[in-house]
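Analysis of the macromolecular model
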Amino acid sequence: MDAALANPIWTILAGLVTLAIFSFLYRDNPLYKMAEHIAVGLSVGFLVVTYYNNVFRPKVWDNVLHNGQFDYLIPFFLGIILFTRFVPKIGWVSRWALAFYIGGFSGVSIPSTLEGRVLQQTEATIQPLLSIDSARSWSANFFATVDSTFLVVGTLACLVFFFFSLEHKGGIGRFAYFGRLCIMAGFGASFGYTVMARVSLLIGRIQYLTRDMVDSIGRLFG
Amino acid sequence: MQFQEILRLLQNIDRRIIYSVLFVAVTFPFYIDWPPVRIEVSREVEDAYNVIESIPPHSNPLMISFDYDPASAAELTPMAEAVLHHCFSRGIRVLAISLQYSGLGAGIASDVVPRIAAEYGRKQNVDWAFLGFQPNAVIAMLQMGEDFKKTFPIDYYGTPVNEIPLMEPIQNYDQIPAVITLASTAVGEYWAVYPGSRYGLKVLAGLTAVYTADIQPFYQSGQISGILGGLKGAAEYEKRIDKIGDGTAGMRSQKTVHYMIILFIVIGNIAYLLSRRRG
Amino acid sequence: MRIQLPLLICAIVGIFMAVQYFVPALLPIYNRLNDYLQIVYAFSIVLGVASVLHRHGGKVQKRRKDWVYSLAAIAAMVLMMLAGFIEGRGSGTLFQNLFNAVLLPVQATMFALLAFYLASASFRAFRTRSTDATVLLVAAVIVMIGRLDDGRSLAIPDMARWILNTPNLVAKRAILIGVGLGMASTALKVVLGIERSYLGSGKE
């Protein structure tokens, strides 16, 4: 089949599986199930090919067989013993590999997490409450100052809201409630963005059906 | 029909009616070019554009990390295309990778990058390269900070990285002017937390809208230098580079659906408040 | 062997990986360990694949309900593997075409379905029942309109930007700092052997 003809057929196939998945909106049905299972199979096949070509071949086989770095047999061995989980009697052996991976990953994440998430974020919060720049108008200075103050006070209030060692009563309670309102506004923003995201995904598929698939049908039969 | 009955019905509109209205709201704008949309380029997008624009042509490449899977392709592929159009039209080199754990991001990159490169006659391994995929994003990010060639010994197509001309001057992040992560998960944040803080890598983030609100603290702290948020972010970038694409095309539908959902929320709330007032 | 050895491995590797951040002389070993971690992680994902195969294979073998779908899944997996290993990857290959024409649209559409459920759920669940809920709802509506660059006469895009850059930012920052501290302390507990749930129940 020549490429020009192959292309619309693949496009139409993509449109048909899209419709098969949309059919779930009516109810679960064999078409949906078949498309879903085929996709699961394909994604597993894709994963195996990709992992072999991008990880196992260059990092294990090539290093051991071509570069003479036999120490790469250690992670290979650790990887293999993960499969002992399928054999209940010796399943505990897989813990060695898990311990290696989890220990290494936990260790590497401690300094970076503290640096990137805690220290740099805290540093960005510690800033002057007054934000005055002679080049700006007085109203711009006023709003900038309100924002700077909000940034510091709001972050503290939200942290207090999550701090349960102090009872949220009186002044602390009111301060924590202010934090709670900020959190609600933040969740509202997240919700607005989530709506936007989900709608975008639907737009992408409808765009595909109404434009690409229709064009391909036209090319194939027209 | 009693007023109370109407209020009850309004609060419990059948889901099939909502589905149908949603379907119509998404589909019709593609045929009738309505409603009009206005796209303003936000400061976050402008910042991202400026970082990429400042990379000299035919020098060290912008790194693009395809950290998303097909589920988010509708939002992030228009973004990838817009950034690639920008780069290739200006002769900025591109180094693509994927750190999405299932490997499916590599499938998207291997389709999108060569396709846009071909539009501008850009040569593989000279103007662009696709190094492929590594499963654990954090470990790969940290490895690249020391040695790219150890992290990706061969590219996606099996070529040894030592034989790729584009990779000759590249040892680690010191030779990378910036990275843009196109991410549908927390991987976008990891770029700022790990290589950003440890190696001082300049990070731009193209994110699904879901993550856009969450990433703001990193933008304010300067750990992320620019953000493209969701399909709207793609549309803004398309406007900035003056090349209309799928991002802009989808904004009409985005608008009708947003107002539709708001209308349903308002109807539901009016009915709820009235029914509560009547006891 | 069953408990102490894994705890020892975890502690040694964990402490080393934390300390290397401050000791550049350890970089060669650190680089090698990173390669090892990547390989072990890859095996753990393959373990998941084996589990999927095990499940579908068992279903087909025992002709359980819906075994035909499991057979289709296995056939699709074999087809993709043959395409990838025999013809290779890249534009125009069967491997890439199957990805573009089946895998991508199926996954993308599955997530597109969420738009319908979200529209229906926001209509049903979004009620101004309390001050908190009202703040949440108002912020959501302003962001949804503001991100469309609509309502400029009412300064809605400016309000949306303010919500995103101020109350949203402080809330997300507090969560971020809290989560960061939580992650670091949990990682420390794992390395020191205090948190050991990853070892399982001990029954296997």
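Here is a short report on the structure shown in this document. Being a predicted model, the structure only gives us computed values, none of them experimental. (Residues numbered from 1 in each chain as written. Chains lettered and ligands numbered in written order. Predicted model: local features only at pLDDT ≥ 70, side-chain atom pairs only at ≥ 80, totals over all residues.)

Brief notes about the overall build of chain A
The secondary structure content of chain A amounts to six helices and zero strands. Each helix and strand of chain A, ordered N terminal to C terminal, gives the series α-α-α-α-α-α. A compact globule built from 222 residues should have a C-alpha radius of gyration of about 17 Å, whereas chain A, at 28 Å, is more than 25% larger. Each of the three principal axes of chain A carries a C-alpha extent, and together these read 70 × 60 × 40 Å. Sorting the 222 residues of chain A into buried and exposed places 47% on the buried side. In chain A, the share of contacts with a sequence separation of at least 24, taken over all contacts with a separation of at least 6, comes to 27%. (Helix = DSSP H or I, 4+ residues; strand = E, 2+ residues; numbered from the N terminus. Rg over C-alpha atoms; globule rule 2.2 N^0.38 Å. Buried ≥ 20, exposed ≤ 12 C-beta atoms within 10 Å, placed from the backbone. Contact = placed C-beta atoms within 7 Å.)

Observations concerning the interface of chain A and chain C
Facing 94 residues of chain A, the contacting portion of chain C comprises 101 residues. Of all elements in the fold, only α1 (3-22), α2 (30-66), α3 (73-81), α4 (94-125), α5 (138-161) and α6 (170-221) of chain A reach the threshold of two or more residues within the side of chain A that touches chain C. For the side of chain A that touches chain C, the leading source of residues is α4 of chain A, giving 24 residues. Among the residues forming the side of chain A that touches chain C, the class breakdown is 63 nonpolar, 22 polar and nine charged. (Nonpolar A, V, L, I, M, F, W, Y, C, P; charged D, E, K, R; others polar.)

A look at helix α6 (residues 156-165) of chain C
Turning to α6 of chain C, its buried residues are Ile 156, Pro 157, Ala 160, Trp 162, Ile 163 and Leu 164 of chain C. Residues of α6 of chain C that are buried in the fold lie against α6 of chain A, α10 (209-220) of chain B together with α5 (131-146) and α7 (167-191) of chain C.

Structural notes on unusual backbone geometry
The linkage connecting Trp 34 of chain B with the following residue, Pro 35 of chain B, adopts the cis geometry, with an omega of 0 degrees. Take Pro 35 of chain B: it is sitting in the loop between α3 (29-32) and α4 (43-53). Its identity as a non-glycine residue notwithstanding, Ala 155 of chain C has a phi of 60 degrees, on the positive side. Residue position: Ala 155 of chain C is located in the loop between α5 and α6. What makes Ala 155 of chain C exposed here is the crowd of 12 C-beta atoms within 10 Å.

Points about the packing of helix α9 (residues 187-199) of chain B against α10 of chain B
Residue and element names in this part refer to chain B. The geometry of α9 relative to α10 is characterised by a closest axis approach of 10 Å and an angle of 10 degrees between their N-to-C directions. Classified by the angle their axes make, α9 and α10 are roughly parallel. Contacts between α9 and α10 pair Gly 188, Glu 189 and Ala 192 from the former with Tyr 211, Ile 215 and Phe 218 from the latter. Grouping the constituent residues of the contact of α9 with α10 by class yields four nonpolar, one polar and one charged. (Axes fitted to C-alpha atoms, helices over the stretch in contact; angles between N-to-C directions. Parallel < 35°, antiparallel > 145°, perpendicular 65-115°, else oblique.)

Considering the interface of chain A and chain B
On the chain B side, the residues contacting the 38 residues of chain A number 47 residues. Every element with two or more residues in the side of chain A that touches chain B is listed here: α2, α4 and α6 of chain A. At 18 residues, the largest contribution of residues to the side of chain A that touches chain B is made by α6 of chain A. Tallied by class, residues from the side of chain A that touches chain B come to 18 nonpolar, 16 polar and four charged.

Re the sheet that holds strand β2 (residues 94-98) of chain B
Residues and elements named next belong to chain B. Within the open sheet, the six strands sit side by side as β3-β2-β1-β4-β5-β6. Their pairing is parallel. The open sheet terminates on both sides in strands that have one partner only, identified here as β3 (128-133) and β6 (226-229). Shown here is a sheet whose adjacent strand axes are inclined to one another by a mean of 15 degrees, direction ignored. Of the pairings in the sheet, the one linking β2 to β3 comprises four bridges and is parallel in character. Within the sheet, the bridge partner assigned to Leu 95 lies in β3 and is Ala 129. In this fold α4 packs onto β1 (62-67), β5 (203-207) and β6, with an angle of close to 120 degrees to the strand it touches most, β6. Sitting on the sheet, α9 touches β1, β4 (179-183) and β5, and the angle it makes with β4 is about 150 degrees. (Pairing = 2+ DSSP bridges.)

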